[in-house]
Amino acid sequence: MVALARYLNSADLNTAVIGRQSVKTYMIGFGEDIATSKDFLDEIAAAGGTGAAYTANSVGSLALTLQEIFTNILEGRDVTFVSPTLSVNAFNRTRNLNDLYVSVFSPSQGLHWPGNLKKYQVKNGRIVDANDEDAVDPDTGFFKETSRSFWSVDAGGNDIVDGPEVTLGGAASQLPEFNVGAGSRNLYTYLGSNTNLYHASNNVAPSNASLTDAALDLGAPGDPTRDNVIMFARGQDLQDVDRDGNTSERRMRMGDPMHAKPALVIYGGDAANPEGVVYVPTNDGYIHAFDSQSGEELWAFIPPEFLPRLKRLYEDPVTPEREYGLDGDVTVFKYDVDGDGVVEPAAGDKVYLFFGFGRGGQTYYALDVTNKTQPRFLWKKDATNLPALGKAWSPPTVAKVDVNSGAQSAGDFVLIFGGGYDEAQENYVYTTDSIGNRIFMLDLEDGDLLWYAGDNGGANLQLTEMNNSIPGRVTVIDTNADNYADRMYVGDMGGRVWRFDIWNGQSASSLVTGGVFARLGAGSIAGAPRSAARRFYNAPDVVLMQSRGSPPYFNVAIGSGYCGHPLENETRDRFYSLRDYAPFTKRTQAQYNAFTPTLDGDLVDITTDVTATVPTGSRGWKLLLNDGGSWIGEKVLAESITISGVILFPTFIPLGEDPANPCTARMVNRAYAIRIENGRPNFDWDDDESLEASDRYTELKQSGIAAEISVLLNNRFVDDGTPPDPNDPPPEVPGTTCNSGVEILGRCPSTDSGVRTYWQRR
């Protein structure tokens, strides 16, 4: 049985099918006296690639065991939760390039979840692969079995079809192959003696004596050797030997970028052949730098906090709960002195990366990547430097703020982010938080804390109602076009939306005024039921609106949803369109203290009325996510985006157990397109020439949790009625493409219509 299970797990049983076709063997021992055979069953299961065997001594426990096994089988499906990264055209900022970079991963029972970064292109409203064929299956919203992403080659350099397979092709296929290239891989950490990460003292290699057993948490009985762990981290093939003397190959590949959105930086070239680098964090604790053209890894960096975790990745134990490494988005600061799109260090150009650990910890890092092949350590900050910092979920926002302080670096660039996530919010019922209830402003160059808001006496802006964590991005706005930030909006776990005004040139004690702009959840509402425990995990989407004859206002769009428990269905979530009728007027702190925040009941309910009007002066509208009257757990788990007066956002609906397959959960994702001014549908999705409430959304084909909707601005070919001529390509016009993940929406708001421009002479 051991030999048979090992053969079925390691052999390719059908070479005519793409990928290795093998069989995993699960073992169940049934009965009260099965304990005497448990070791033998464990050995079979280990050889069969499934780990330890199961035991059961009753019909009920047997049923639960079978359910767990089938759930584990289904875990292997490949998914993506994060938004693709679009190529920003550094040479024409009104357009995107056509390249699309997509993070994918596959769930696993172990600590290591396989991940990858794949490249496709967007052409004429289609996502195409390396063969210029449609890459996405319209029935699944994911990649076709026959698609081949760019960079997809095997160990011999031959093109391969990777389709929806996470571990095939992509950037992962470009990583050094075990004993062939792992020795020359550029893999770095930071051990404190030299800020040049490429210096020998920071090299993750057996030759680096500073990389001690203590740094790797090794030395206990049964631990692997130092060299084995280091070479495993570098990607070298290692061999495991079982009790029978049989060997099997193991090596680390790329980990999963589950929640972390990759970032692209264009360093040079031109619009036709841009030279860029894609930076991708993963939950193995690496941040990878991939060449955007070849997919080759230029280098990878492991923060020293994750060095002790390499041993566990080497062992790859079964983990009952997901463990995280680098799980936060990357923010890029690109300072291009002459604005030509090319990074020229000699001219003073700079490129910095900023990233938090997300669910992986309470730390932020800053790297100088001005030289794309020679990264440098800038700074790191954690809870010892930032009071009451929670899990570092909030992606930093780069802005310019003039702080009257000798601590600020030249240029006045700062980072602004929320205090992070308090895991007390995982307990369903509403609670206040002891960490994460902060907003921080740091000097961009050295990470010094310049200003922060919180509910404690040490805060520069003390707000007693700021008693909930803030995991989302802070929306920062320059209201008067002087290149300095003037306004901030952010949501919290209590369902509040906060507004702040920045008074540039003031000291930290009087730099910012602010307070609650809207109370829409259980925060600050005594005795609020669980159904009202609405939480804001994402940044407000803020745009300036003005209709003829009406005062201007900032539209603040935000949706609630329990990201910590997506399957929860008791909270009655909403999507909100809030109006701030003081877009250019700053308030003193006394005015904020006297301000009456918007409440849920103050808003026009447009849920069932597609002809509703929202009067001038109204505080805005709300859309109840109750699916025509039934509260089934529909929620917003991503930021919205507004284009041409249309708000676009996805929702997620957990539908519970699938009657046809009780081992899986059913789910539906929707993409909404709603007019700002009145909440009406923007498209007639079903083409029946009448607008109903259901025309506010279209159902997506993809499984899992849909990513935020992206809008790609690029050129499209138009059919002018003439026969195609290969020597005379068809004309192009500007166009938009909307997508969630890799699923293209059937429609996208146009940007072609004229826009009124107002002039003022002083």
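Structure: above.
Residues numbered from 1 in each chain as written. Predicted model: local features only at pLDDT ≥ 70, side-chain atom pairs only at ≥ 80, totals over all residues. Heavy atoms only, no water.

*Asks:* I'd like a rundown of the overall build of the protein chain, residues and numbers included.
*Replies:* Within the protein chain, the secondary structure is distributed over seven helices and 41 strands. Sequence separation of 24 or more characterises 58% of the internal contacts of the protein chain that already satisfy a separation of 6 or more. (Helix = DSSP H or I, 4+ residues; strand = E, 2+ residues; numbered from the N terminus. Contact = heavy atoms within 4.5 Å.)

*Asks:* Give me the pattern of salt bridges: which residues, what numbers.
*Replies:* On inspection of all chains with the given rule, the structure shows 36 salt bridges. Asp687 is paired through a salt bridge with Arg747; the nearest N and O atoms lie 2.4 Å apart. Taken together, the residues span a long stretch of sequence, with Asp687 in the loop between strand S37 (661-675) and strand S38 (697-699) and Arg747 in the segment after strand S41 (743-744) at a distance of 60 residues. Under the relative-accessibility criterion, Asp687 is labelled exposed at 54%. (Salt bridge = Lys/Arg side-chain N within 4 Å of Asp/Glu carboxyl O. Buried < 20%, exposed > 50% of the residue type's maximum accessible area, 1.4 Å probe, protein only.)

*Asks:* I'd like a description of the state of the cysteines, backed by residues and values.
*Replies:* In the structure shown here, the tally under the stated rule is one disulfide. The disulfide bridge from Cys738 ends at Cys748, spanning 1.9 Å between sulfur atoms. Handedness of the Cys738-Cys748 disulfide follows from its S-S torsion of about 60°: it is right-handed. Note that Cys738 is positioned in strand S40 (residues 732-740) and Cys748 in the segment after S41, a separation of 10 residues in sequence. Assigned by exposure class, Cys738 and Cys748 land together as buried. (Disulfide = S-S within 2.5 Å.)

*Asks:* Can you tell me about the environment of Ile525, naming the residues and giving the values?
*Replies:* Here Ile525 is to be found in the loop between strand S28 (512-519) and strand S29 (541-545). Remark: the alpha-carbon pair of Ile525 and Gly494, spanning 31 residues in sequence, is separated by 9.3 Å.

*Asks:* Describe in detail the packing of aromatic side chains, supporting the description with residues and values.
*Replies:* A complete count under the given rule lists 37 aromatic pairs for this structure. Look at Trp393 and Tyr421: their rings are 4.2 Å apart centre to centre, the planes differ by 20°, and that puts the pair in the stacked class. Remark: Tyr421 occurs in the loop between strand S21 (413-418) and strand S22 (438-443) and Trp393 occurs in the loop between strand S19 (376-382) and strand S20 (397-400); sequence separation between them is 28 residues. With respect to burial, Trp393 and Tyr421 carry one shared label: buried. Between the aromatic rings of Phe649 and Tyr672, the centroid separation amounts to 4.8 Å while the plane-to-plane angle is 5°, which identifies the pairing as stacked. In this pair, Phe649 sits in strand S36 (residues 646-658) while Tyr672 sits in strand S37, placing the two residues 23 residues apart along the sequence. Across the pair, Tyr672 and Phe649 agree in class, each one buried. Members of the aromatic cluster, connected to one another through ring pairs, are Tyr190, Phe301, Phe306, Phe355, Phe357, Tyr365 and Phe377. Seen from the ring of Trp113, Arg322 lies directly overhead, with NZ or CZ sitting 3.9 Å from the centre. (Phe/Tyr/Trp six-rings, centres within 6.5 Å; stacked < 30°, edge-to-face > 60°. Lys NZ or Arg CZ within 6 Å of the ring centre and 35° of its normal.)

*Asks:* Before we move on, can you summarise the sheet that holds S20 with the specific residues and values?
*Replies:* The strand order across the open sheet formed by five strands is S20-S21-S22-S23-S24, and the pairing between neighbours is mixed. The outermost strands of the open sheet, each flanked by one partner alone, are S20 and strand S24 (461-462). When S21 meets S22, the two strands line up antiparallel, connected through five bridges. Within S22, the position partnered with Ile416 by the bridge is Met441. (Pairing = 2+ DSSP bridges.)

*Asks:* Explain a nonpolar patch on the surface residue by residue, including any values.
*Replies:* Taken together, the side chains of Met1, Leu4, Tyr7, Leu13, Val23 and Phe40 present a nonpolar region at the surface, about 590 Å² in accessible area. Within the secondary structure, Met1 sits in the segment before helix H1 (2-10). (Patch = residues over 30% accessible without salt bridge, like charges linked within 9 Å, V, L, I, M, F, W, Y side chains within 5 Å. Areas by Shrake-Rupley, 256 points an atom, 1.4 Å probe, with all protein chains shown as cover.)

*Asks:* Lay out the side chain of Glu465 with the relevant residues and their values.
*Replies:* With respect to the helices and strands, the residue Glu465 is situated in the loop between S24 and strand S25 (475-477). Among the polar contacts made by the side chain of Glu465, one reaches the side chain of Arg496 at a distance of 3.1 Å. Setting aside chain neighbours within four positions, we find Glu465 in contact with Arg496, Trp498, Val516, Arg519 and Ser524. (Polar contact = N/O pair within 3.5 Å; in protein donor to acceptor, adjacent residues only side chain to side chain.)

*Asks:* For the nonpolar core, give the residues involved together with the corresponding values.
*Replies:* Judged by nonpolar contacts, the single largest core of 42 residues is most densely connected at Tyr267, Tyr279, Trp299, Phe301, Leu310, Phe355 and Val369. Among the nonpolar cores identified, the runner-up in size contains 24 residues, and Val403, Phe500, Val512 and Val516 belong to it. (Core = buried A, V, L, I, M, F, W, Y, C linked by side-chain atoms within 4.5 Å.)

*Asks:* Lay out helix H2 (residues 38-47) in plain terms, naming residues and giving numbers.
*Replies:* The complete set of buried residues in H2 reads Leu41, Glu43, Ile44, Ala45 and Ala47. In the core, the buried residues of H2 are packed alongside H1 and strand S1 (28-30).

*Asks:* I'd love a proper account of the sheet that holds strand S14 (residues 287-291), names of residues and values included.
*Replies:* Sheet architecture is open: five strands sit in the order S9-S15-S14-S13-S12, paired in mixed fashion. The open sheet is flanked by strand S9 (187-188) and strand S12 (263-269), the only strands paired with a single partner. Pairing of S12 with strand S13 (residues 274-281), which is carried by six bridges, proceeds in the antiparallel orientation. Following the sheet pairing, Gly268 is matched in S13 by Glu275.

*Asks:* Hey, could you go over the environment of Ser469 for me, with residue numbers and the actual values?
*Replies:* Relative to the assigned elements, Ser469 resides in the loop between S24 and S25. With relative accessibility at 0%, the residue Ser469 sits in the buried group. In this structure the C-alpha to C-alpha distance between Ser469 and Phe536, which are 67 residues apart in sequence, comes to 9.9 Å. Here Ser469 is in contact with Gly420, Tyr421, Asp422, Gln425, Asp433, Ile435, Gly436, Asn437, Asp492 and Met493, once residues within four sequence places are set aside.

*Asks:* Let's hear about the pairing of S13: which residues, and what values?
*Replies:* Summarising burial for S13: seven of the eight residues are buried, a large majority. Remark: four residues form the turn of the hairpin made by S12 and S13, two consecutive strands paired antiparallel. Relative to S14, S13 is paired through five bridges, and the arrangement is antiparallel. Bridging across to S14, Val278 finds its partner in Phe290.

*Asks:* Account for the side chain of Asn283, with residues named and values stated.
*Replies:* By the secondary structure assignment, Asn283 is in the loop between S13 and S14. Within the structure, Asn283 has its side chain in polar contact with the side chain of Asp327 (distance 3.4 Å). Beyond its immediate sequence surroundings of up to four residues, Asn283 is in contact with Asp256, Met258, Arg309, Arg322, Tyr324, Gly325, Leu326 and Asp327.

*Asks:* Describe the packing of H1 against H2, naming the residues involved and giving the relevant values.
*Replies:* Where H1 meets H2, the axes come as close as 7 Å, and the angle between the chain directions of the two elements is 20°. Relative to H2, H1 is oriented roughly parallel. In the crossing of H1 with H2, the sense of the turn from one axis to the other is right-handed. Within the contact between the two elements, H1 uses Val2, Ala5, Arg6 and Asn9 and H2 uses Phe40, Glu43, Ile44 and Ala47. (Axes fitted to C-alpha atoms, helices over the stretch in contact; angles between N-to-C directions. Parallel < 35°, antiparallel > 145°, perpendicular 65-115°, else oblique. Left-handed = near helix turned anticlockwise from the far one by under 90°.)

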